Amino acid sequence: MNPRDVVIVAGLRTPFVKAGGELAQVHPVDLGVAALKELLQSTGVPLDQIDEVIIGNTGSPSDAVNISRVVAFNAGIPQKTSAYTVHRNCASALESITSGYEKIKSGTMDIVVAGGTESMSQMPIMWNKEHMLRFNKLASARSTGAKLSALSSLLVANFKQVKEIATTSPMKTTKFKPRISLIEGLTDPMSNINMGETAEILAKEFGISREVQDKFVLRSHQRAAQSQENGVFKQEITPIYLAPKFNKVVEQDVGPRKSQSLEALGKLKPIFDRKYGSITAGNACPITDGAAMVLLMSAEKAKELGYTPLAKIRGYAFAGLEPERMGLGPVYASPIALKRAGLTLKDMGRIELNEAFAAQVIACQKASASKEFCTTRLGMSDAFGEIPDDILNINGGAIALGHPVGATGTRLVITLMNELRRSQKQFGLATLCIGGGQGGAIVLENIN
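Model, not experiment: these values are computed from the prediction.

*Asks:* Account for a nonpolar patch on the surface, with residues named and values stated.
*Replies:* Residues Ile125, Ile180 and Ile183 make up a contiguous nonpolar surface patch of roughly 290 Å² in combined accessible area. Considering the arrangement of structural elements, one finds Ile183 in helix H6 (residues 181-185). Here Ile183 falls in the partly exposed class, since its relative accessible area comes to 49%.

This is the structure we're talking about:
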């Protein structure tokens, strides 16, 4: 290897748990600390030699705005080590890795911790602007009279809100309706449609039936449940001990369902298009809590410290497309990443493509194999190539495992890296769609 090649020395993640579940009360800082502490302890990396910590997050908790710095500090990394947070929606944790890659590749740094953390359970509910003005007026009041006037206005408004909700549907209230940040965050501000609606567009345009989507879901759960049963994920998951007594532990992903059936999936109603839609809670990824971290080094630093690299980063790419078709992002980014890596799709022994929605993954498979799509949309001379089922998400994907938005990019890399080593395959691709109309992809080489 070239001395400035960027290698992954180790990678770990927490269990992924559906929002509102056992990790709901665990702060995203604590999720990140749990993964990072175990990564540092298991590798024994000299803490004073870590150049930087880069962590992806989308929720930006108000009590830890630069969450990377807070996680790093609480995990025991020296205060002299800088840390910053990155945000690229679903690819935030992939952005953290590629940012670290650039710094190491350039020779600026030698050791970078990269990863992501997200508690989607703790995404806040916010007041609307009218209510916020009342709170601000109360906070800025100086005299007793001004304070009483502001407080009275606030109490009257709250009473009206309670009365309105009690007499009408909460979803129809407008004047006093709170803003749910999770729903706003999953709504594209350019096309003004929900991420699920973008999947409906792809399902219709590519002719992907509800039955085909549900069969994909069943396979994802079966593969994930089987891999879980076989202990495949044990090497990448560190347990989370729950406060306050720390006598209860979450040791594995909660999402995979061995008993999942097509019959049960078929009973679920479409969410976004009640009459003609096909996207349901079953064929979409669940809202999830979790964290994941990797340790990146230059090849020469890894050799100097006596580490055996697990994988080398061969190349990466991000690309943009129409926000309303954001699910096709992997088809836009992957050809660029592979070209930079000097490889082709046929060279890939394993592919991890994030399962935001079953329809979205299937649409990527169809688009990738379509000469017409690739020539007209991507400017290629031929189809990008087939994405075979037998190398795609063979341990299940986000539909079963979950998708904590700010952490998924690193989870994909860790799972791919470990699977390449298990299967003795040389090259692998990890890719995902990104809300807002982007795609991200990274190419790994197994170092055995």
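*Asks:* Which residues make up the packing of helix H1 (residues 28-43) against helix H2 (residues 67-74), and what values do they have?
*Replies:* Contact geometry of H1 with H2 gives a least axis separation of 9 Å together with a crossing angle of 50 degrees. By the angle between their axes, H1 is oblique relative to H2. Like other packed secondary-structure pairs, H1 and H2 cross with a definite hand, here right-handed. Packed against H1, whose contacting residues are Pro28, Val29, Gly32, Val33, Leu36 and Lys37, the element H2 presents Ile67, Val70, Val71, Ala72 and Asn74 at the interface. Here the contact of H1 with H2 is built from residues that sort into eight nonpolar, two polar and one charged.

*Asks:* Can you lay out the pairing of strand E12 (residues 350-353) for me, pointing to particular residues and giving the numbers?
*Replies:* With burial as the criterion, each face of E12 is covered, one bearing Arg350 and Glu352 and the other bearing Ile351 and Leu353. Where E12 lies against strand E13 (residues 427-434), four bridges are found, and the strand directions are parallel. Within the sheet, the bridge partner assigned to Leu353 lies in E13 and is Thr431.

*Asks:* How would you explain the side chain of Arg325 if you had to name every residue and give the values?
*Replies:* Looking at the element boundaries, Arg325 is found in the loop between strand E11 (311-320) and helix H11 (329-341). In contact with Arg325, other than residues within four places in its own chain, are Ile201, Leu202, Glu205 and Arg377.

*Asks:* If you had to explain the environment of Asp63 to someone new, which residues and values would you point to?
*Replies:* By the secondary structure assignment, Asp63 is in the loop between strand E3 (52-56) and H2. Owing to a relative accessible area of 58%, Asp63 belongs among the exposed residues under this scheme. Sequence spacing of Asp63 and Glu118 is 55 residues, and the spatial spacing of their C-alpha atoms is 14 Å. Engagement of the side chain of Asp63 in a polar contact is seen with the side chain of His27, the distance being 3.0 Å.

*Asks:* Tell me what's going on with the pattern of salt bridges, and back it up with residues and numbers.
*Replies:* Using the criterion set out here, one finds 25 salt bridges in the structure. Lys103 is the salt-bridge partner of Glu52, the closest N and O atoms lying 2.5 Å from each other. In this pair, Glu52 is assigned in strand E3 and Lys103 in helix H3 (residues 92-105), connecting sequence segments 51 residues apart. Since its relative accessible area comes to 6%, Glu52 is described here as buried.

*Asks:* Could you give an account of H3, with specific residues and numbers?
*Replies:* Compared with the 20 Å implied by 1.5 Å per residue over 14 residues, the 20 Å span of H3 between its first and last C-alpha is a close match. Counting buried positions along H3 gives 11 out of 14 residues, so the element sits mostly inside the fold. Phi turns positive, to about 90 degrees, at Gly107, one or two residues after H3.

So, how was this worked out
- Residues numbered from 1 in each chain as written.
- Predicted model: local features only at pLDDT ≥ 70, side-chain atom pairs only at ≥ 80, totals over all residues.
- Heavy atoms only, no water.
- Patch = residues over 30% accessible without salt bridge, like charges linked within 9 Å, V, L, I, M, F, W, Y side chains within 5 Å.
- Areas by Shrake-Rupley, 256 points an atom, 1.4 Å probe, with all protein chains shown as cover.
- Salt bridge = Lys/Arg side-chain N within 4 Å of Asp/Glu carboxyl O.
- Helix = DSSP H or I, 4+ residues; strand = E, 2+ residues; numbered from the N terminus.
- Buried < 20%, exposed > 50% of the residue type's maximum accessible area, 1.4 Å probe, protein only.
- Axes fitted to C-alpha atoms, helices over the stretch in contact; angles between N-to-C directions.
- Parallel < 35°, antiparallel > 145°, perpendicular 65-115°, else oblique.
- Left-handed = near helix turned anticlockwise from the far one by under 90°.
- Contact = heavy atoms within 4.5 Å.
- Nonpolar A, V, L, I, M, F, W, Y, C, P; charged D, E, K, R; others polar.
- Pairing = 2+ DSSP bridges.
- Polar contact = N/O pair within 3.5 Å; in protein donor to acceptor, adjacent residues only side chain to side chain.
- Expected span 1.5 Å × (residues − 1).

Keep in mind that these numbers describe shape and distance, not what the molecule does.
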